[in-house]
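Structural features, examined
The lines below spell out each chain.
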Amino acid sequence: MLLWLLLPRVTGAAWADIWHRLEVLAPQEIAGLFGLWIVGLYAYAFALAACLPGLTRGQAMVVNIVGSGVSNLAPFGGTAGVAVSWWLVRGWGFGTEAFALVTAVSWLLNMVAKAVLPVVSAVVLLVSGMHVAAPVREAAAAGAVVFGVLGAVVVGSLASDTVATRTASWAGAVARAAQRLVRSRRQVEWERSVQRLRVHTRGLFADHWPTMLMAMLAYNGLQALLMAGCLWVVGGPTGFAEVLAAFACGRLLTSVVVTPGGTGFAETGAAAVLVALGGDPAASVAGVLLFSVFTYVLEIPGAGVGWITYLTVRRWRRPLGTRG
């Protein structure tokens, strides 16, 4: 409903023109885009496996697609996605602490990517000499600031004992307030847990940062290439600067948790950027919607495929808690 109302109003594209762009897609074009999507998921599996030593890339693909698919089913679905992912990795023999570590590190990697992309795209647009509308500049700056502050807190916590102690204290206060809200009586030493997580995170980065860095670069590059491909097959703008700007905006807006995966906000923002940079409205919206089919819609049936894989590949099973 949000897409139906927002997209035409923000971009000026008529739905009849958008559907016309989409209905002429050739099967080989769809197959090529599907293959590119799969390769992107495989690239991300390298990062996820590096975050949890002992996890295979096949398992990483399964936990990623199942967790993402569940998260896409409802607003604030990220919590359900995390819960399902935890259930999966426990079935493979990993303990709760190991899962907390992979969750924290993968979240940090994605947060850094969302903070860096708007800055890089803004620089590329300026270097290319393109006119950047004020709303686009302001959105990029706001997103970079928000995620930059979060990133600074996390990096500072990893590097400094003082910052880590204060962050642990804040995290503990927030967690206890949340417990009181839901009337939970479980006793958890949050400050000690955060400090222990910090030590493990630093060790993990020290040992595996090259793999994490290359995997995240490859994943985001392939995702941007997928968006470019989606725009190309519908006759939309495919310039490097335009696509990068739209991709960065869309990635940033996926953090809006009031809709599943930021749906509606991400697509509208990305299409608005393309139109603001001179793209044809109908083609821009059609390309962004096609991109969303791969990065959002297909993840839901993909979760079913991942779940079936989890149930049938018995050789992945380990006694609970045997791997951290």
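Note that the structure is a prediction, hence the values are computed from the model and not measured. Each chain has its residues counted from 1, running along the sequence as written. Under the rules for a predicted model, residues below a pLDDT of 70 receive no local features and side-chain atom pairs below 80 are neither given nor counted, while totals for whole chains, interfaces and linings still include all residues. Values reported for side chains reflect all heavy atoms of the structure, with hydrogen atoms and water molecules removed beforehand.

The next thing to look at is the overall build of the protein chain. A run of H or I in DSSP counts as a helix once it spans at least four residues, and a run of E counts as a strand once it spans at least two, with each numbered from the N terminus. Helices and strands together make up the secondary structure of the protein chain, namely 13 helices and zero strands. Here the protein chain holds 324 residues, and 45% of them are scored as buried. Should any heavy atoms of two residues lie within 4.5 Å, those residues are considered in contact. Restricting to contacts in the protein chain with at least 6 residues of sequence separation, those with at least 24 account for 74%. With residues, only the protein chains shown are counted as cover, and all accessible areas are computed by Shrake-Rupley using a 1.4 Å probe. Carbon and sulfur atoms make up 69% of the accessible area of the protein chain, which totals about 16,200 Å². Three exposure classes are used, based on accessible area relative to the maximum for each residue type with a 1.4 Å probe and protein chains only: buried under 20%, partly exposed in between, and exposed over 50%.

You can see Ser284 is positioned in helix α12 (residues 281-297). Discounting residues that sit within four places of it in the chain, Ser284 has contacts with Leu231, Pro237, Ala271, Leu274, Val275 and Gly279.

Once that is clear, we can look at the nonpolar core. Throughout this description, the term nonpolar core refers to a set of buried Ala, Val, Leu, Ile, Met, Phe, Trp, Tyr and Cys residues connected via side-chain atoms within 4.5 Å. If you look at the biggest cluster of nonpolar residues, it comprises 75 residues, and the most contacted ones within it are Ile18, Trp92, Val105, Met212, Met227 and Leu290. Among the elements that line this core, the one with the most residues is helix α9 (residues 190-233), at 14 residues. Apart from residues no more than four positions distant in its own chain, Val105 is found in contact with Cys51, Thr201, Leu204, Phe205 and Met212.

All right, on to the packing of aromatic side chains then. Between rings of Phe, Tyr and Trp, where Trp is taken as its six-membered ring, a pair exists when centres lie within 6.5 Å; planes separated by under 30 degrees are stacked, by over 60 edge-to-face, and by other angles tilted. One pass over the full model with this rule turns up nine aromatic pairs. Each residue in the set Trp87, Trp92, Trp307 and Tyr310 is aromatic and connected to the rest through ring pairs, giving one cluster.

What follows deals with the packing of α12 against helix α13 (residues 299-312). Fitted lines through C-alpha atoms give the axes, limited to the stretch in contact for helices. The angle between two N-to-C directions lies from 0 to 180 degrees. With their axes 6 Å apart at the nearest point, α12 and α13 run at an angle of 30 degrees to one another. On the basis of the axis angle, α12 is roughly parallel to α13. Of the residues in α13, those in contact with Phe294, Thr295, Tyr296 and Val297 of α12 are Glu299, Ile300 and Pro301. Classification used: nonpolar for Ala, Val, Leu, Ile, Met, Phe, Trp, Tyr, Cys and Pro, charged for Asp, Glu, Lys and Arg, polar for all others including Gly. In terms of residue class, the contact of α12 with α13 is built from five nonpolar, one polar and one charged. The labels follow the angle: roughly parallel below 35 degrees, roughly antiparallel above 145, roughly perpendicular from 65 to 115, and oblique for the rest.

Of the residues in the protein chain, 77% reach a pLDDT of 70 or more, and the chain-wide mean stands at 82. Confidence of the predictor at the level of single residues is given by pLDDT, which spans 0 to 100. Model confidence for the protein chain, summarised as mean pLDDT per element, is weakest for helix α8 (residues 161-181) at 67 and strongest for helix α3 (residues 27-51) at 94.

Bringing a nonpolar patch on the surface into the picture now. Here, patches come from residues exposed beyond 30% relative accessible area and free of salt bridges, joined within 9 Å for like charges and within 5 Å for nonpolar side chains (Val, Leu, Ile, Met, Phe, Trp, Tyr). For salt bridges, the criterion is a side-chain nitrogen of Lys or Arg within 4 Å of an Asp or Glu carboxyl oxygen. Nonpolar side chains collect at one region of the surface, where Trp86, Trp87, Trp307 and Leu311 lie side by side and expose about 380 Å² of accessible area between them. Here Trp86 lies in helix α5 (residues 78-91). Accessibility expressed as a relative area gives 31% for Trp86, which makes it partly exposed.

Bringing α12 into the picture now. Multiplying 1.5 Å by the residue count of a helix minus one yields the expected span of that helix. For α12, with 17 residues, the first-to-last C-alpha span of 22 Å sits near the 24 Å given by 1.5 Å per residue. Of all the 17 residues making up α12, 13 are buried; the element is thus mostly covered by neighbouring parts of the structure. Any pair of nitrogen or oxygen atoms within 3.5 Å is treated as a polar contact; in protein, a donor-acceptor pairing is required on top of that, and neighbouring residues in sequence qualify only through side-chain atoms on both sides. The opening residue of α12, the one whose side-chain oxygen lies 3.3 Å from the backbone nitrogen of Ala282, is Asp280.

For the structure shown, the criterion picks out one salt bridge. Residues Asp280 and Arg21 are paired through a salt bridge, measuring 3.3 Å at the closest nitrogen-oxygen approach. Taken as a pair, Asp280 in the loop between α11 (265-276) and α12 and Arg21 in helix α2 (residues 15-22) lie far apart in primary sequence, 259 residues in all. The exposure class assigned to Asp280 is partly exposed, which follows from its relative accessible area of 35%.

A word on α11. Look at α11: 16 Å from first C-alpha to last across 12 residues, which is about the 16 Å you get at 1.5 Å a residue. Those residues of α11 lying buried are Ala266, Glu267, Thr268, Gly269, Ala270, Ala271, Val273 and Leu274. Among the residues trailing α11, Gly278 stands out with phi positive, at a value near 100 degrees.

A few words now on the side chain of Ser292. Mapping Ser292 onto the fold places it in helix α12. When sequence neighbours within four positions are dropped, the list of residues in contact with Ser292 reads Glu267 and Val297.

Bringing the environment of Pro8 into the picture now. Mapped onto the elements, Pro8 comes out in helix α1 (residues 2-11). Judged by relative accessible area, which is 21%, Pro8 ranks as partly exposed. Residues Pro8 and Ala282, 274 residues apart in the sequence, show an inter-C-alpha distance of 9.0 Å.

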